[in-house]
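Results of the structural survey
Below, each chain spelled out in residue letters.
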Amino acid sequence: MSDEVALTVLFTAARVRDRVRELAADINTSYPAGRDPHLVSVLKGGFIFLADLVRALDRPVTIDFVAIASYGTGTRSSGVITLTKDLEIGITDRDVLIVEDIVDTGQTLSWLLNRLQARHPRSLRTVSLLDKRSRRTTEVGIEHVGFTIEDQFVVGYGLDYAEQFRQLPYIAILNRSPTDTPVR
Ligand code: PRP
């Protein structure tokens, strides 16, 4: 870990826990009885949010995972997006809920929505813990948003900087030296 990075807590663990419970309550009421959602988590960043969300949902759910990578320029907004891990369970006629940790430019979510819609789910919605709305280049609809944040690089609660900090129970702003330029 570099000495040149410092963390400033943005959302404490307690605040994240409370907001996740609120999101779970909203999601519960948005799916009628008999329409239990099928959650699709986007690796890696969404894994902690997913784990807490499913335990806060007061109903049966099923879970699957995708992993997504981009190649080309190093940023998803101009690179080629591919699935590096596809779903293991078919989604045709299922009520699919995509679980993201953060939506930034919207490129990843837009691409994934198009890919999954082509498989004819019964419904397709998204929950994202964080929404960095000011960075959007592609408009995407997000039915459930935890927190809207400014254009700051955040880590913790699944989110990383160079694969570090995912394990933090809170969400923090990463303050870094001018020579470090992570992209998310
Ligand atoms: C993050 C996040 C989204 C994507 C959003 O993944 O989980 O999938 O970036 O960015 P966009 O809206 O600009 O497309 P990341 O690339 O950090 O990978 P990781 O989850 O494996 O850390």
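In short, a report on the structure. (Residues numbered from 1 in each chain as written. Predicted model: local features only at pLDDT ≥ 70, side-chain atom pairs only at ≥ 80, totals over all residues. Heavy atoms only, no water.)

Let's shift gears to the overall build of the protein chain. Assigned secondary structure in the protein chain consists of three helices and nine strands. The order of helices and strands in the protein chain, counted from the N terminus, is β-α-β-α-β-β-β-α-β-β-β-β. Taken against the 2.2 N^0.38 rule, which gives 16 Å for 184 residues, the C-alpha radius of gyration of the protein chain at 16 Å falls within 12% of a compact globule. Pairs at least 24 apart in sequence give 66% of the contacts found in the protein chain among residues at least 6 apart. (Helix = DSSP H or I, 4+ residues; strand = E, 2+ residues; numbered from the N terminus. Rg over C-alpha atoms; globule rule 2.2 N^0.38 Å. Contact = heavy atoms within 4.5 Å.)

In the neighbourhood of the ligand, 16 residues make up the surrounding shell, with Glu100, Asp101, Thr105, Gly106 and Thr108 lying closest. Between the ligand and Gly45, the relevant distance is 2.8 Å, taken from an oxygen atom to a main-chain nitrogen or oxygen of the residue. Interatomic distance of 2.5 Å between a side-chain N/O atom of Thr108 and an oxygen atom of the ligand. When the free accessible area of the ligand is taken as 500 Å², the share hidden by the protein chains comes to 85%. When residues of the shell around the ligand are traced back to their parent elements, those giving at least two are strand S5 (95-103) and helix H3 (107-117). Top element by residues in the shell around the ligand is S5. It accounts for four residues. A class-by-class count of the residues in the shell around the ligand yields three nonpolar, five polar and eight charged. (Near = heavy atom within 4 Å. Polar contact = N/O pair within 3.5 Å; in protein donor to acceptor, adjacent residues only side chain to side chain. Areas by Shrake-Rupley, 256 points an atom, 1.4 Å probe, with all protein chains shown as cover. Nonpolar A, V, L, I, M, F, W, Y, C, P; charged D, E, K, R; others polar.)

Its location among the elements puts Ser41 in strand S2 (residues 38-43). For Ser41, a relative accessible area of 0% translates into the label buried. In contact with Ser41, other than residues within four places in its own chain, are Gly46, Phe47, Leu50, Asp64, Phe65, Val66 and Val99. (Buried < 20%, exposed > 50% of the residue type's maximum accessible area, 1.4 Å probe, protein only.)

Let us now look at the pairing of strand S9 (residues 171-175). Where burial is concerned, most of S9 is hidden: four out of the five residues are buried. Sheet topology places strand S1 (residues 6-11) next to S9; five bridges connect them, and they run antiparallel. Within S9, the residue paired with Val9 across the bridge is Ala172. Pairing of strand S8 (residues 154-155) with S9, which is carried by two bridges, proceeds in the antiparallel orientation. Counted as the bridge partner of Val155 is Ala172 from S9. (Pairing = 2+ DSSP bridges.)

A few words on helix H2 (residues 47-56). The complete set of buried residues in H2 reads Ile48, Phe49, Leu50, Leu53 and Val54. In this structure, the buried side of H2 is in contact with helix H1 (13-30), S2, strand S3 (62-71), S5 and strand S6 (123-131).

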